[in-house]
Amino acid sequence: MASENEFLLLSFLTGIYVTFVYDLLRIFRRVIPQGEFMVSLEDMIFWVYCALKVFLLMYHESNGTLRWFAVFGALVGMFLYRKLISTFFVEHVSRLLSYILCKVRGILNKILCFFMHPVIKIMHKMYEKGERVVRRHAVKMLKKREIGRQFFKKQLTAKKKMHNIEI
């Protein structure tokens, strides 16, 4: 009887653990937005990981047999974690991480500007002197930028049209 109670407790904790890991994934997605493909890939990896975790729990604790009280324990663990902790945890941690990442990005931007400032000044002086090489490269870069902008505009327009057709 004691081993079954321990098994129930382990399945309860596994349910909490699985939900916690998914919350970490949700926080990651809030801080760093992902495309549909990456979200699908992350979800697939997460569910394969969870399936292995539950399989190993069942294998070690009940010799691979499915015990319904263990499934119930995991579901109760997931439900309680989700209702009591999850929302608070995801909201506050994602805000904190977003704040930290914004600060780090600002610091890195200042460092980059500090080191790039002399290079920009030299490029500006060379351009003022009429250096043809620099001017030619600058014109090429601007043309490439315009071509890229036009390409992405066409892609977005096509996707918008497809979306309107689907509706």
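Residues numbered from 1 in each chain as written. Predicted model: local features only at pLDDT ≥ 70, side-chain atom pairs only at ≥ 80, totals over all residues. Heavy atoms only, no water.

(A) A look at the overall build of the chain. In terms of regular secondary structure, the chain is built from four helices and zero strands. Listing every helix and strand of the chain by position from the N terminus yields α-α-α-α. Per-residue burial over the chain gives 17% buried out of 167 residues. Restricting the contact set of the chain to residue pairs at least 6 apart, pairs at least 24 apart contribute 75%. A total accessible area of about 13,900 Å² is found for the chain, and carbon and sulfur atoms account for 70% of it. (Helix = DSSP H or I, 4+ residues; strand = E, 2+ residues; numbered from the N terminus. Buried < 20%, exposed > 50% of the residue type's maximum accessible area, 1.4 Å probe, protein only. Contact = heavy atoms within 4.5 Å. Areas by Shrake-Rupley, 256 points an atom, 1.4 Å probe, with all protein chains shown as cover.)

(B) A look at the packing of aromatic side chains. Overall, the coordinates contain five aromatic pairs when judged by the stated rule. Their ring planes at 85° and their centres at 6.5 Å tell us that F20 and Y81 sit as a pair that is edge-to-face. Taken together, the residues F20 in helix α1 (residues 2-31) and Y81 in helix α3 (residues 68-128) connect sequence positions 61 residues apart. For F20, a relative accessible area of 30% translates into the label partly exposed. Arranged with centres 5.0 Å apart and planes meeting at 50°, the rings of Y22 and F46 form a pair that is tilted. Placement of Y22 in helix α1 and of F46 in helix α2 (residues 36-62) is noted, with a sequence separation of 24 residues between them. Residue classification places Y22 among the partly exposed residues on the basis of a relative accessible area of 26%. One aromatic cluster is present, built from ring pairs that chain together F20, Y81 and F89. (Phe/Tyr/Trp six-rings, centres within 6.5 Å; stacked < 30°, edge-to-face > 60°.)

(C) How the structure looks around α2. Taking 1.5 Å of rise per residue, 27 residues should cover 39 Å, and α2 covers 38 Å from first to last C-alpha, within 8% of that figure. Every buried residue of α2 is listed here: E42, D43, F46, C50, L57, M58 and S62. (Expected span 1.5 Å × (residues − 1).)

(D) Molecular detail of the environment of R82. Relative to the helices and strands, R82 resides in helix α3. Look at R82 and you get partly exposed, because its relative accessible area is 41%. When the C-alpha positions of R82 and F20 are compared, they lie 8.6 Å apart, and in sequence the two are 62 residues distant. The residues contacting R82, other than those within four sequence positions of it, are T19, D23, R26 and T87.

(E) Structural detail: the side chain of S86. Inspection of the secondary structure puts S86 in helix α3. What makes S86 buried here is its relative accessible area of 0%. Side-chain polar atoms of S86 contact the side chain of D23, separated by 2.7 Å. For S86, the residues in contact, after removing those within four places along its chain, are D23, R26 and Y81. (Polar contact = N/O pair within 3.5 Å; in protein donor to acceptor, adjacent residues only side chain to side chain.)

(F) Main features of the pattern of salt bridges. Using the criterion set out here, one finds four salt bridges in the structure. Its salt-bridge partner being R29, residue E42 comes within 2.9 Å of it at the nearest N-O pair. Pair noted here: E42 is in helix α2 and R29 is in helix α1, with a separation of 13 residues, a long-range link. Each member of the pair, E42 together with R29, is buried. As a salt-bridge pair, R29 and D43 come within 2.7 Å of each other at their nearest N and O atoms. Here the residue R29 occupies a position in helix α1, and D43 occupies one in helix α2, the gap between them amounting to 14 residues. Look at R29 and you get buried, because its relative accessible area is 17%. (Salt bridge = Lys/Arg side-chain N within 4 Å of Asp/Glu carboxyl O.)

(G) Up close: the environment of V71. In this fold, V71 is placed in helix α3. Here the alpha-carbon distance between V71 and L8, two residues 63 residues apart in the chain, equals 8.6 Å.

These figures capture arrangement, not role.
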